[in-house]
Structure formats: structure tokens, C-alpha cells
Amino acid sequence: MIFYFSGTGNTKWAVRELEKATGEESVYIPDVLSSDCRFELQADEMIGFAFPIHGWRPPLLVLKFIEKLKMDFSGHYCYALVTAGDSIGLAMDYFSRSLFSKGMHLDACFSLIMPESYVGLPFMDVDTVQREKQKKQKASSDLQRFIDVLLKKQKGFSELILGPLPWFFSGPVGGFFVRHLITDKPFRVDMEKCISCGKCEKVCPVDDIHLSHVNDGGPLVPVWQHNGNCLTCFSCYHHCPVKAIEYGHRTKHKGQYFFNRNTNMKG
């Protein structure tokens, strides 16, 4: 069983490849988080976790899921696959501690470099089309290497791109992300551009966007709920077909990305 979360589709593509190779089913974490999160495994089934890195840490939604997860883990091979535009810092240490609190440990872990989608800071933008293509091509072969590890149920395997000063980026910088940057408050919509298509509402993984009439008789536009659930995954921003959504002034003149936007790879 593969438990996963994906915002802009990078992790979803990887999970589909894992499904085909292992024959095991996937569970989309946002779909089950409101349940009791109780699952039963077949005797030889593996336990997989797949998710993107947010601010050099695991997404808060994933950690909440681990807290609720109820499962007999004994005797099952356990692995984690994370996707990132670059380095992951000590994100896997945070995740491993969360698993350990439930009596689990990872037999294998892997970080997969994928096209960049985080645009919430002034110096961060999506990759160029050429760079995006190069990353996807390399990711396809890198993922196959990890799949080979999983099919052999190789234990003790770890291939993680920590990057420079991992303690700093996952610690102080990651803490800053959690306290100040994981929020829907800066999101806004340009009502002159918005075409009321509802795509932002559909792609939000935590149901944080509802189309509403902000003025009597006016058009339907996205309204963020400010309920503390936003992950700042930028799926709404990236999927808007007319780029009507901005994150304050931080996303002006920046690009958009989601996995199937400009690719021939299957996802």
C-alpha cells in the first residue's frame, strides 16, 4: 500500500510508476485524513509513503496522517519516496521520528529531483522548459533504480540529497516556513482575469477554496477559507488557466508548473 500526497503532480506521477511496478494500490492521504485511518495489509504487502518536501520538511498534512494511522506494521517492508526541486535538508529525519513514534522504521528512502513548483519566495521560481525536461528525463531513470531496490526489498538503502547546511534549512528556515509561510492569507484573485472555471477549487487538496459571489450578482470567484488547512502547495496558482491567482506580490511575473502541463510523459 502506498500512502501519498501530491500538489502539482510530481509525486502523483512517481506513485503511478510505483503502482505499475509493484502491483500495490495507492491511497491519497487527503481523501482519508478525516477517517479513522485504519488499514489492513496483505501478508507480503509493502508500506510506502510518498510526498513532496515543503520548506525542507514533510508536509504538515503527512505528519497529521502518521499521527492517526492505525496498522499492523510488523513484518512489513517500509519505504519512503520524496520529491523536491532540489535538496531536502533533514526532512527525512523529521519523518523518521514521526514513524518511530508509531513503532515503524524505514527500510529504504529516496529523494527524487523533479521540476520546481515553489514560488512563494522572491528568489524562487519554476524551472525553464529545458530544465524541466532534463529533470523529468533523469527522474524517470532515477525512479527505476529505486523501484529495483523495492522489488528486491533491499534494507538499509538511503539515497537522499540533503544539500548544504541541512540542519539550518530544515531547522530555523523550516520553522519559519511553518510559522509564517504556510498560510492562505496572501492568496488573492484578479477578478478581471478570473473566468470562474472552478479549476482552483477542484485541485485544492484540502478543500480550502470555494467559489463564491463576493458581490451581489457578481461572478463566482475563488475564496480561501482561512481555516488553517492550507498547505501552500500552490496547486491553485499553477493550475489557473488565465493566471488570475497571485500570492501577494511574490508570484508576479513568475511561471506556472504542474506535471502534465508541458510534457509527453504519462502521469
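Look up: the structure comes first, before these words.
Procedures and definitions
Residues numbered from 1 in each chain as written. Predicted model: local features only at pLDDT ≥ 70, side-chain atom pairs only at ≥ 80, totals over all residues. Heavy atoms only, no water. Helix = DSSP H or I, 4+ residues; strand = E, 2+ residues; numbered from the N terminus. Polar contact = N/O pair within 3.5 Å; in protein donor to acceptor, adjacent residues only side chain to side chain. Contact = heavy atoms within 4.5 Å. Patch = residues over 30% accessible without salt bridge, like charges linked within 9 Å, V, L, I, M, F, W, Y side chains within 5 Å. Areas by Shrake-Rupley, 256 points an atom, 1.4 Å probe, with all protein chains shown as cover. Salt bridge = Lys/Arg side-chain N within 4 Å of Asp/Glu carboxyl O. Axes fitted to C-alpha atoms, helices over the stretch in contact; angles between N-to-C directions. Parallel < 35°, antiparallel > 145°, perpendicular 65-115°, else oblique. Left-handed = near helix turned anticlockwise from the far one by under 90°. Nonpolar A, V, L, I, M, F, W, Y, C, P; charged D, E, K, R; others polar. Pairing = 2+ DSSP bridges. Buried < 20%, exposed > 50% of the residue type's maximum accessible area, 1.4 Å probe, protein only.

(A) A look at the side chain of Thr-232. The residue Thr-232 is located in the loop between strand S9 (220-224) and helix H8 (235-239) in this model. A distance of 3.2 Å separates a polar side-chain atom of Thr-232 from the backbone oxygen of Leu-181. At 2.9 Å, the side chain of Thr-232 forms a polar contact with the backbone nitrogen of Thr-183. Once residues within four sequence positions are removed from consideration, Thr-232 is found in contact with Tyr-118, Leu-181, Ile-182, Thr-183 and Tyr-247.

(B) Layout of a nonpolar patch on the surface. The grouping of Leu-165, Trp-167 and Phe-168 at the surface amounts to a nonpolar patch, some 330 Å² of accessible area in total. Along the polypeptide, Trp-167 turns up in helix H6 (residues 166-181).

(C) Structural view of the packing of helix H3 (residues 60-68) against helix H4 (residues 91-100). H4 packs onto H3 with a crossing angle of 15° between their chain directions and a minimal axis gap of 9 Å. By the angle between their axes, H3 is roughly parallel relative to H4. H3 and H4 meet at a crossing whose hand is right-handed. Between H3 and H4, the contacting residues are Val-62, Leu-63 and Ile-66 on the first element and Phe-95, Ser-98 and Leu-99 on the second. Looking at the contact of H3 with H4, its residues break down into five nonpolar, one polar and no charged.

(D) Representation of the pairing of strand S8 (residues 209-213) in the model. Where S8 and S9 come together, five bridges link them in antiparallel fashion. In the sheet register, His-210 faces S9, and the bridge partner there is Val-223.

(E) Layout of the pattern of salt bridges. One pass over the structure, following the stated rule, counts nine salt bridges. Note that Asp-36 and Arg-38 form a salt bridge whose closest N and O atoms lie 3.8 Å from each other. Asp-36 sits in the partly exposed class, given a relative accessible area of 44%. Judged by relative accessible area, which is 56%, Arg-38 ranks as exposed. Its salt-bridge partner being Glu-246, residue Lys-243 comes within 3.3 Å of it at the nearest N-O pair. Each member of the pair, Lys-243 together with Glu-246, is buried. When salt bridges with common partners are traced through the structure, they connect Lys-138, Asp-142, Arg-145 and Glu-159 into a single cluster.

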